[in-house]
Amino acid sequence: MNPYVLTILLSSLGLGTVLTFASSHWLLAWMGLEINTLAIIPIMARQHHPRAIEATTKYFLTQATAAAMILFASTTNAWLVGEWEIHQLSHPLATTTVMLALALKLGLAPVHFWLPEVLQGIELTTGLILSTWQKLAPFALMIQVAPTINSSLLITLGLLSTLVGGWGGLNQTQLRKILAYSSIAHLGWMVLILQFAPSLTLLSLLLYIIMTSSAFLALKTNNSLTINTLATSWTKAPTLAALTTLVLLSLGGLPPLSGFMPKWLILQELTKQGLPLSATLAAMAALLSLYFYLRLCYAMTLTIYPNTLTATAPWRLDFTHLTLPLSIVTILALGLLPLTPAMTAVLTL
């Protein structure tokens, strides 16, 4: 893709998100979401591969449906209540419709079906943008409307997403689909605590973005797309393979890695709010996710590369791409747990 065109598209991507962040009016927020969607579509389709075009079409249709639902809900609220402000969303029909539309935009269960298919059809760098940056604008709106939404709906969406994210990733061999189900499970944890402690949701989102960025960049550096090709990682770059294993365990939420922090704090808060059953279900769903992370770790570090594999084996790493971002996010994904008190204090200010 032409560098100038790519710069314009990435700038539009940033503009759309910032516009949604800064807006207090539903129409302006909707406009930001639409700019965001339209900017990423050419980036997704730049491979000119049938799978990429199919993924782009699916993404466009789901995002357009969600945007139409948001517009319908905000218009309904303005008609019934007379308010266009985001904070003044009060009618039950409007709040429920907006929540489902934002769930569709984020890929929360039960409206998650598009996310694994779309991620599977695009390259890892675009998948990284889709899994991190594209979640910010809908989450900003969700945090603003959360106080007016029925807490039972949020808890149901959260628990369903953690369970679906765990179950869905168990039988996958494609790494991008596994990361998509991982994303669904992490988003479920964030939605679960959204109404009780929004600061914890922000903390979880921040750590999710750091850990997911590290996982995507490590897989891109390794040039791995399936579990089978992960088996070559140890031979090519032992240090990177060891660090990637730790990052995957961090995504699974094992102490003493950074990923343990949000799960620990969320379970603690749910128990304080008198929801021990929800906390137990979420913790058990996390075990499902942990299983497929351990499966990846096993494939990466404890298996020998089979000679019968039909895939091409890239034995030498291509170091033409930048490894500094990978180094920074990997360090953050592994070592932030001791800073838990400081981070919680900053987010509660």
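Residues numbered from 1 in each chain as written. Predicted model: local features only at pLDDT ≥ 70, side-chain atom pairs only at ≥ 80, totals over all residues. Heavy atoms only, no water.

Visitor: In this structure, what is going on with the overall build of the chain? I would like to understand it.
Guide: Per the secondary structure count, the chain includes 17 helices and zero strands. Its C-alpha radius of gyration of 20 Å places the chain within 12% of the 20 Å reference for a compact globule of 349 residues. Along the first, second and third principal axes, the C-alpha set of the chain runs to 65 × 50 × 35 Å. Relative to its full complement of 349 residues, the chain shows a buried share of 53%. Long-range pairs, those at least 24 residues apart, make up 78% of the contacts in the chain with a sequence separation of at least 6. Between the centroid of the 13 positive side chains of the chain and the centroid of its 8 negative side chains there is a distance of 14 Å. (Helix = DSSP H or I, 4+ residues; strand = E, 2+ residues; numbered from the N terminus. Rg over C-alpha atoms; globule rule 2.2 N^0.38 Å. Buried < 20%, exposed > 50% of the residue type's maximum accessible area, 1.4 Å probe, protein only. Contact = heavy atoms within 4.5 Å. Lys, Arg positive; Asp, Glu negative; His and termini not counted. Charge placed at Lys NZ, Arg CZ, Asp CG, Glu CD.)

Visitor: Explanation requested: the UniProt feature "domain: NADH:quinone oxidoreductase/Mrp antiporter transmembrane" (unreviewed entry) in the chain in the structure shown.
Guide: Sites flagged by UniProt as "domain: NADH:quinone oxidoreductase/Mrp antiporter transmembrane" (unreviewed entry) map to residues 23-288. Structurally, residues 23-288 is divided into 77% helix and 0% strand, and its ends, taken at the C-alpha atoms, are 38 Å apart. (UniProt positions renumbered as here; feature names shortened; annotations may be inferred.)

Visitor: I tried to follow the domain arrangement of the chain on my own but got confused; where do I start?
Guide: How big an interface is tends to be stated in terms of accessible area lost as the parts join. Entries for the chain in the domain assignment read domain 1 (1-132) and domain 2 (150-308 + 320-348). For domain 1 versus domain 2, the distance between C-alpha centres works out to 23 Å. Tallying the contact residues gives 21 residues for domain 1 and 26 residues for domain 2. Summed over both sides, the interface of domain 1 with domain 2 buries roughly 2,200 Å², with 76% coming from carbon and sulfur. (Domains from an automatic or database assignment. Buried area = accessible area lost by both parts, 1.4 Å probe.)

Visitor: Any chance you could explain the confidence of the model for the chain here in plain terms?
Guide: Interpretation of the predicted coordinates at a detailed level should be avoided for regions scoring low in pLDDT. Overall, the prediction assigns the chain a mean pLDDT of 90, with 95% of residues at 70 or greater. Ranking the helices and strands of the chain by mean pLDDT puts helix H9 (residues 175-192) first, with 95, and helix H12 (residues 233-236) last, with 80. (pLDDT = per-residue confidence, 0-100.)

Visitor: Help me understand helix H7 (residues 133-145) in this model?
Guide: In an α-helix there are 3.6 residues to a turn, and that puts residues three or four apart on one side. When you tally the buried positions in H7, you get eleven out of 13 residues, the bulk of the element. Within H7, the full set of buried residues consists of Gln134, Lys135, Leu136, Ala137, Pro138, Phe139, Ala140, Leu141, Met142, Gln144 and Val145.

Visitor: Hey, could you run me through the packing of aromatic side chains in this one?
Guide: Two aromatic rings are characterised by how far apart their centres lie and by the angle between their planes. Under the counting rule described, the total for this entry stands at three aromatic pairs. Both rings, one in Phe260 and one in Trp264, keep their centres 5.8 Å apart while their planes meet at 5 degrees; by these two values the pair is stacked. A residue pair is termed a helical-turn pair when its members lie 3 or 4 positions apart in one helix, as Phe260 and Trp264 do in helix H14 (residues 260-272) at four residues. Geometrically, the ring pair formed by Phe292 and Tyr293 is tilted, given 4.9 Å between the ring centres and 55 degrees between the ring planes. Overall, Phe292 belongs to the buried group, its relative accessible area being 1%. The positively charged end of Lys263 is found above the aromatic ring belonging to Trp189, 5.3 Å away from the centroid. (Phe/Tyr/Trp six-rings, centres within 6.5 Å; stacked < 30°, edge-to-face > 60°. Lys NZ or Arg CZ within 6 Å of the ring centre and 35° of its normal.)

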